[in-house]
There are 2 protein chains.
Amino acid sequence: MNILIVEDEPRLAEALAHILQENDYHAEIVDNGNDGLTYALSDLYDLVLLDIMLPGKDGLEIVRTMRRQGNATPVLMLTARTETSDKVKGLDAGADDYMTKPFEAEELLARVRALLRRQGEVIFDEITCGDLKLNLSTHELVCGPKKVHLSHKEFEVARLLMSSPNQVFSKETLLNKVWGIDAEANENSVEAYISFLRKKLNFLNSTVDINTIRMLGYRIALPEA
Amino acid sequence: MNILIVEDEPRLAEALAHILQENDYHAEIVDNGNDGLTYALSDLYDLVLLDIMLPGKDGLEIVRTMRRQGNATPVLMLTARTETSDKVKGLDAGADDYMTKPFEAEELLARVRALLRRQGEVIFDEITCGDLKLNLSTHELVCGPKKVHLSHKEFEVARLLMSSPNQVFSKETLLNKVWGIDAEANENSVEAYISFLRKKLNFLNSTVDINTIRMLGYRIALPEA
DNA sequence: CCTCAACGATCAAGATGTTCATGCGCGGCT
DNA sequence: AGCCGCGCATGAACATCTTGATCGTTGAGG
């Protein structure tokens, strides 16, 4: 795990880096706000420890800019300011947690673990449904010895249906979830993709199939368990 | 937003509920650990405020059970225990944040907002870069009066470059981030997409352009601010 | 049981997006 | 100048997506 430390006081920065490195994180130090922002936006880090008072851009501005640009890297603010109003400012600017100096190494590490845990929230990379396995990274749908590649839209539709077997999804729901809200696509597209998927399920000789519920939508039917 | 308060001391529980309700959250109180766990697992709440010492199951056990069962509802632990070792236990059990009593309402609210924000993961829907605006939901690139639609890959490349102006991205980095690690695509594809994007920037008469840094990669050049 | 209308399935064709091989041109080097 | 290697632009081949047209299916009502 890569952690970025944005801190201008060298002794503190080193101490932080040391603590983190002893716990098997990879830590890098940047000592000013301008570089801090650039590095934080790089997406190379899994977490940012951010001081507020910094030469160049301050910590609040950095986290605000990150969030404005859609960067979701967790940020833990670390400052000497203990005022509640400072904490509120930091958290509302977009930080995920806020610690005041001085702090204990153990608590810092626990908070770092808590933030990284959320981040990692490792998505399973496979959905299983009856005799089907959908690989979420390669977009391959496997059934016994056979496999087929799903195109982007096919994959999204399959993922949604397989994620909640037996739940009925209306065409409108599918349009919203797969094509995007506001999408001006035709419901016929949904029908077309259901058709493509059925053809592939058929080719795979899967026991699973897609039911049509007239006027309501579609669902995956699991063969009775 | 629905918040579950698991707290056995009625006065504190009421005070919390009051603070939250004043800020337009819907709050419900449960005064023992057994009900706390049942409610928390119900998926009806967007956040759980959890005391540690409780009749029935204690807070640590509750959060551990939640996580073990795959429940990802954010948990903010609220306790009188100020020992670092308690905080570490709470966070490592699966809590997302930990506050010690007494606490100020403003800080509590800010931490609640921070946790709910993650949950909702409200993505900003625009990146700005020089005179360009990239709409993240419609994939439209706008410059003054003109706009163009970007295809999926064009969009991903543009987003990456625009998210860190002036940073150089190697073709390999672009391949990994846009096409995916393990992707077996050709670096020529990157060149092709850079070419497509330049054509569009040109059509938009943007002052922004994409620099080639020989042997290193590409970057967005912001006209000197 | 038949008819009809509404809904759904499938197909074919065109639009759009993606990949990749090719040839050109520029800049650095000898 | 001439060579070399990298990057650029383009077009052909292919994949994917969307849509309208057509045909099948279903179920209510005669």
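Residues numbered from 1 in each chain as written. Chains lettered and ligands numbered in written order. Predicted model: local features only at pLDDT ≥ 70, side-chain atom pairs only at ≥ 80, totals over all residues. Heavy atoms only, no water.

1. Points about the protein's contact with DNA strand D
To keep it simple, the criterion reads: By convention in these notes, a residue is near a molecule or strand provided one of its non-hydrogen atoms lies within 4 Å of it. Here a polar contact is taken to be a pair of N or O atoms separated by no more than 3.5 Å, where protein atoms must pair a possible hydrogen donor with a possible acceptor and residues adjacent in sequence count only if both atoms sit in side chains. Each helix is a run of H or I in the DSSP string that is no shorter than four residues. Each strand is a run of E no shorter than two, and both are numbered from the N terminus.
Residues in close proximity to DNA strand D total 21 residues, the closest being Ser151(A), Trp179(A), Arg198(B), Thr212(B) and Tyr218(B). Here DNA strand D approaches the protein such that, of its atoms within 4 Å, sugar and phosphate make up 70%. Measuring from a phosphate oxygen of DNA strand D, one finds a backbone N or O atom of Lys153(A) at 3.2 Å. Take Ser195(B): an N or O atom from its side chain is 3.3 Å from a phosphate oxygen of DNA strand D. When residues of the surface near DNA strand D are traced back to their parent elements, those giving at least two are helix H6 (152-163) and helix H8 (187-204) of chain A together with helix H8 (187-204) of chain B.

2. Things to note about H8(B)
Residues and elements named next belong to chain B. Quick note on the threshold: By this rule, a helix spans an expected 1.5 Å times one less than how many residues it contains. Three labels apply to residues, based on accessible area from a 1.4 Å probe with only protein chains included: buried if under 20% of the type maximum, exposed if over 50%, partly exposed otherwise in between. This arc corresponds to the set of directions leading from the helix axis out to the C-beta atoms.
With 18 residues, H8 ought to run about 26 Å at 1.5 Å a step, and its terminal C-alpha atoms sit 26 Å apart, in line with that. Turning to H8, its buried residues are Val190, Tyr193, Ile194, Leu197, Leu201 and Leu204. In an axial view of H8, the angular spread of the buried residues amounts to 105°, which keeps them on one side of the axis. Turned more than 90 degrees from where H8 packs its buried face, Lys199 and Asn202 sit exposed. Its side-chain oxygen placed 2.8 Å from the backbone nitrogen of Asn188, Asn186 serves as the N-cap of H8. Where H8 ends, the next residue or the one after it, Asn205, has phi of about 55°, a positive value.

3. Observations regarding the protein's contact with DNA strand C
Going by this rule: Charged residues are taken to be Asp, Glu, Lys and Arg, nonpolar residues to be Ala, Val, Leu, Ile, Met, Phe, Trp, Tyr, Cys and Pro, and polar residues to be all remaining types, Gly included.
In the neighbourhood of DNA strand C, 24 residues make up the surrounding shell, with Lys171(A), Arg198(A), Thr212(A), Tyr218(A) and Ser151(B) lying closest. Lys199(A) places a side-chain nitrogen or oxygen 3.3 Å from a phosphate oxygen of DNA strand C. With respect to DNA strand C, the side chain of Asn188(B) contributes an N or O atom lying 3.1 Å from a base nitrogen. For the surface near DNA strand C, the elements supplying multiple residues, two or more each, are H8 of chain A together with helix H6 (152-163) and H8 of chain B. Element by element, the count of residues in the surface near DNA strand C is highest for H8(A), at six residues. Tallied by class, the residues present in the surface near DNA strand C amount to eight nonpolar, nine polar and seven charged.

4. Some details on the interface of chain B and chain A
Heads up, the condition is: We call two residues in contact whenever any of their non-hydrogen atoms come within 4.5 Å of each other. Joining two parts hides part of their accessible area as seen by a 1.4 Å probe, and the buried area is that hidden amount summed over both. Salt bridges, as used here, are contacts in which a Lys or Arg side-chain nitrogen is within 4 Å of a carboxyl oxygen on Asp or Glu.
In this assembly, 36 residues from chain B lie in contact with 33 residues from chain A. Buried surface at the junction of chain B and chain A, summed over both partners, amounts to about 2800 Å²; 42% is from carbon and sulfur atoms. Glu107(A) is the salt-bridge partner of Lys87(B), the closest N and O atoms lying 3.1 Å from each other. Linking chain B to chain A there are 20 residue pairs in polar contact (both at pLDDT 80 or more). In terms of residues, the side of chain B that touches chain A owes the most to one element, helix H5 (residues 105-120) of chain B, which gives nine residues.

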